[in-house]
Amino acid sequence: MPTFFDVQQWVGLALGALALGIQVWALVDALLTRGDAFVAAGKRTKGFWLAITAVATAIGFFHLFQPFGMFNLIAIVAAAVYLTDVRPAVAQIRGRGRRGSSGPYGPW
């Protein structure tokens, strides 16, 4: 029968794997995006975001069993900033934005 500590370790590993998946997603998206789209969207350069997401992914890999460590939390925030701020802006430049869904107060 698993102890509370065993369950706690498995939950920590699952959260660390989820965080690593988010960081890898941000890195792969930054790799597959054209460099000029970042500048056209008014964001930093592709090299900057590649460096940020690569470092975040490396930190997430090395701190897989510590999802609430200080460095891993910073890495999760960096990947989340890319995915929630940079990726939608670049997607509109790439032509994959939400052009078709428009509400009464603008796009949604």
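Residues numbered from 1 in each chain as written. Predicted model: local features only at pLDDT ≥ 70, side-chain atom pairs only at ≥ 80, totals over all residues. Heavy atoms only, no water.

Caption draft 1: Region of the structure containing the side chain of Asn 72. Mapped onto the elements of the fold, Asn 72 is located in helix 4 (residues 70-94). With relative accessibility at 1%, the residue Asn 72 sits in the buried group. Those residues in contact with Asn 72 that sit more than four places away from it in its chain are Gln 23, Ile 59, Gly 60, His 63, Gln 66 and Pro 67. (Helix = DSSP H or I, 4+ residues; strand = E, 2+ residues; numbered from the N terminus. Buried < 20%, exposed > 50% of the residue type's maximum accessible area, 1.4 Å probe, protein only. Contact = heavy atoms within 4.5 Å.)

Caption draft 2: Fine view of the packing of helix 3 (residues 46-62) against helix 4. One way to put it is that helix 3 packs onto helix 4 with a least axis distance of 9 Å and a crossing angle of 140°. Classed by the angle they form, the pair helix 3 and helix 4 counts as oblique. Considering only the axes of helix 3 and helix 4, their crossing is left-handed. Within the contact between the two elements, helix 3 uses Trp 49, Ile 52, Thr 53, Ala 56, Ile 59 and Gly 60 and helix 4 uses Phe 71, Asn 72, Ala 75, Ala 78, Val 81, Tyr 82 and Val 86. Class assignment for the residues of the contact of helix 3 with helix 4 results in 10 nonpolar, three polar and no charged. (Axes fitted to C-alpha atoms, helices over the stretch in contact; angles between N-to-C directions. Parallel < 35°, antiparallel > 145°, perpendicular 65-115°, else oblique. Left-handed = near helix turned anticlockwise from the far one by under 90°. Nonpolar A, V, L, I, M, F, W, Y, C, P; charged D, E, K, R; others polar.)

Caption draft 3: Structural context of helix 3. Helix length check: helix 3, at 17 residues, gives a terminal C-alpha distance of 24 Å against a target of 24 Å (1.5 Å per residue), a fit within 8%. Along helix 3, the residues that are buried comprise Trp 49, Thr 53, Ala 56, Thr 57 and Gly 60. Burial along helix 3 is one-sided: seen end-on, the buried residues are contained in an arc of 100°. Projecting away from the buried face of helix 3 at angles above 90 degrees are the exposed residues Phe 61 and Phe 62. Packing partners of the buried residues in helix 3 comprise helix 1 (4-32), helix 2 (35-40) and helix 4. (Expected span 1.5 Å × (residues − 1). Arc of directions from axis to C-beta.)

Caption draft 4: Representation of the packing of helix 1 against helix 4 within the structure. One way to put it is that helix 1 packs onto helix 4 with a least axis distance of 9 Å and a crossing angle of 35°. Here helix 1 runs over helix 4; the crossing is left-handed. Taking contact as the criterion, the partners of Ala 19, Ile 22, Gln 23, Trp 25, Ala 26, Asp 29 and Ala 30 in helix 1 are, on helix 4, Asn 72, Ala 75, Ile 76, Ala 79, Tyr 82, Leu 83, Arg 87 and Arg 94. For the contact of helix 1 with helix 4, the per-class residue count stands at 10 nonpolar, two polar and three charged.

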